[in-house]
Amino acid sequence: MSTTTARGAARRAPAEGSPRPRRPLRTSSTFNFWLFTGPFLTGLLIFVYVPILWSAWLSFFEARFTVTPSEFTGFDNYRVMLTDDRFTGSLVTFTVFAALIVPTTWALSLALALAVNRLRFMRAFFRSVFFLPTAVSYVAASLVWKMSLFNGVRFGLANTVLGVFGVDDTAWLADPNPPWYWLVVVTVRLWLQAGFYMILFLAALQNIPRELYEAAALDGAGPGWQTFRYITLPQLRATSTAVVLLLLVAAYQAFDEFFNLLNKTTWGRPPLVELYYKALGDNQDYGAGSAGALILTLLICLVTLLQGRFMGFGRGEDAR
């Protein structure tokens, strides 16, 4: 054995009494990918994609009181849903709900983000305070709104405050004329989700270069409305578009607050609540319910694509 080989072997040999070197963990990127994402993808496949595909298949069959298709009906279930006054009326309810909740949430979350971003102390505290309602259950918040804040009798907080000014008790959720229930539904959703979108706007505000504001100040722009209109708002275009799209999709999926606030009333039902009663009501028509769910899914996709195209989502800065 040569001297060089002997020295190399001596360097590689572990010293007496020292622990043996452990075998390195497997470093294959493919193995690590499937190790971490495999359980999630399996759950996604079993609990999301398989039910979606089965619902699409079920929508072409007669299926009452069972999720097993019995008789092929073609597009009859779709025709039934599109001519059902309650289902089409639920789409009108969504339109009203979206017209109320989307601009109010956008404006409130942006206002909160601007206020928190201007703070010089306790910024983390106020950011946490405004974000905390997003951790509250929609069911719990709806019951608090229904039983404590907007209770139709005298001990409800809203009626107590109005009683100080001589206003009679208001049945907030019991009568659609006038439709005071919209105030209850919109305020609970507004309280629950404004903090989340505030975080999105706050992150976008902190990414705006300070040099833009300095240049605007040198050009004589005021620190208030002019700066907000010509610098802040254009820089928030992509975030605003994403927020509006998320709000529209969330409005289509509204269920908990309507179901818990309005119970089994036939008015004020959004699409998901109407589909719930269609599929799990007295008739349990899973075929028609599946058809309605697919119609709603396609409608959400269409509205999302049109809204994104209208607001320029996904286009570069030069294309705007």
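Above this note sits the structure.
A short tour of the structure in this document, coming up. (Residues numbered from 1 in each chain as written. Predicted model: local features only at pLDDT ≥ 70, side-chain atom pairs only at ≥ 80, totals over all residues. Heavy atoms only, no water.)

A short note on the packing of helix 11 (residues 237-252) against helix 14 (residues 286-311)
Helix-helix packing is described using two parameters, namely the angle between the two axes and the distance between the axes. Their axes nearest at 10 Å, the elements helix 11 and helix 14 cross at an angle of 165°. As judged from the angle between their axes, helix 11 and helix 14 are roughly antiparallel. As for how helix 11 packs across helix 14, the hand of that crossing is right-handed. Residues Arg 237, Ser 240, Thr 241, Val 244, Leu 245, Leu 248, Val 249 and Tyr 252 of helix 11 form the contact with helix 14, whose participating residues are Leu 296, Leu 299, Ile 300, Val 303, Thr 304, Gln 307, Gly 308 and Met 311. Broken down by class, the residue content of the contact of helix 11 with helix 14 amounts to 10 nonpolar, five polar and one charged. (Axes fitted to C-alpha atoms, helices over the stretch in contact; angles between N-to-C directions. Helix = DSSP H or I, 4+ residues; strand = E, 2+ residues; numbered from the N terminus. Parallel < 35°, antiparallel > 145°, perpendicular 65-115°, else oblique. Left-handed = near helix turned anticlockwise from the far one by under 90°. Contact = heavy atoms within 4.5 Å. Nonpolar A, V, L, I, M, F, W, Y, C, P; charged D, E, K, R; others polar.)

Remarks on unusual backbone geometry
Note that the residue after Asn 177, namely Pro 178, is joined by a cis bond; omega there is -5°. Inspection of the secondary structure puts Pro 178 in the loop between helix 7 (157-164) and helix 8 (181-206). A positive phi angle, close to 60°, is found at Phe 65, a residue other than glycine. Within the fold, Phe 65 resides in the loop between strand 1 (61-62) and strand 2 (71-72). Take Phe 65: its relative accessible area is 55%, and that puts it in the exposed class. (Buried < 20%, exposed > 50% of the residue type's maximum accessible area, 1.4 Å probe, protein only.)

Comments concerning a nonpolar patch on the surface
Taken together, the side chains of Leu 45, Ile 46, Phe 47, Val 48, Tyr 49, Val 50 and Ile 52 make up a nonpolar region of the molecular surface, amounting to roughly 690 Å² of accessible area. With respect to the helices and strands, the residue Phe 47 is situated in helix 2 (residues 29-58). (Patch = residues over 30% accessible without salt bridge, like charges linked within 9 Å, V, L, I, M, F, W, Y side chains within 5 Å. Areas by Shrake-Rupley, 256 points an atom, 1.4 Å probe, with all protein chains shown as cover. Salt bridge = Lys/Arg side-chain N within 4 Å of Asp/Glu carboxyl O.)

Here we look at the environment of Phe 75
Positionally, Phe 75 belongs in the loop between strand 2 and helix 3 (76-82). For Phe 75 and Ala 288, which are 213 residues apart along the polypeptide, the C-alpha to C-alpha distance reads 9.9 Å.

Details of the packing of helix 4 (residues 85-118) against helix 8
The geometry of helix 4 relative to helix 8 is characterised by a closest axis approach of 6 Å and an angle of 45° between their N-to-C directions. Considered as vectors, helix 4 and helix 8 are oriented oblique to each other. As for the relative orientation of helix 4 and helix 8, their crossing is right-handed in sense. Looking at the contact of helix 4 with helix 8 residue by residue, the class counts come to 21 nonpolar, seven polar and one charged.

Section: the packing of aromatic side chains
In total, this model carries 24 aromatic pairs according to the counting rule given. On the numbers, 5.4 Å between centres and 40° between planes, the contact of Trp 145 with Trp 191 is tilted. Here the residue Trp 145 occupies a position in helix 6 (residues 138-149), and Trp 191 occupies one in helix 8, the gap between them amounting to 46 residues. Residue classification places Trp 145 among the buried positions, given a relative accessible area of 10%. By relative accessible area, Trp 191 is classed as partly exposed at 37%. (Phe/Tyr/Trp six-rings, centres within 6.5 Å; stacked < 30°, edge-to-face > 60°.)

A few points about the nonpolar core
Counting 54 residues, the largest nonpolar core has Phe 97, Phe 258 and Leu 261 as its most contacted members. When residues of this core are assigned to their parent elements, the largest contribution, 14 residues, is made by helix 8. If we ignore the near neighbours within four places in the chain, the residues touching Phe 258 are Thr 93, Phe 97, Trp 182, Val 185, Asn 263, Gly 268, Pro 270 and Val 273. (Core = buried A, V, L, I, M, F, W, Y, C linked by side-chain atoms within 4.5 Å.)

Examining helix 10 (residues 225-235)
Those residues of helix 10 that fall on the buried side of the exposure criterion are Thr 227, Phe 228, Ile 231 and Thr 232. Looking straight down helix 10, one finds its buried side chains confined to an arc of 125°; they lie on one side. In helix 10, those exposed residues whose orientation departs by more than 90 degrees from the buried face are Trp 225 and Tyr 230. Of the surrounding secondary structure, the elements contacted by the buried residues of helix 10 are helix 4, helix 8 and helix 9 (210-218). (Arc of directions from axis to C-beta.)

Re the environment of Leu 248
Inspection of the secondary structure assignment puts Leu 248 in helix 11. Look at Leu 248 and you get buried, because its relative accessible area is 14%. Sequence separation of Leu 248 and Thr 95 is 153 residues, and the distance between their C-alpha atoms is 9.7 Å. The contact partners of Leu 248, leaving out residues within four places of it in the chain, are Phe 94, Ala 98, Val 102, Val 303 and Gln 307.

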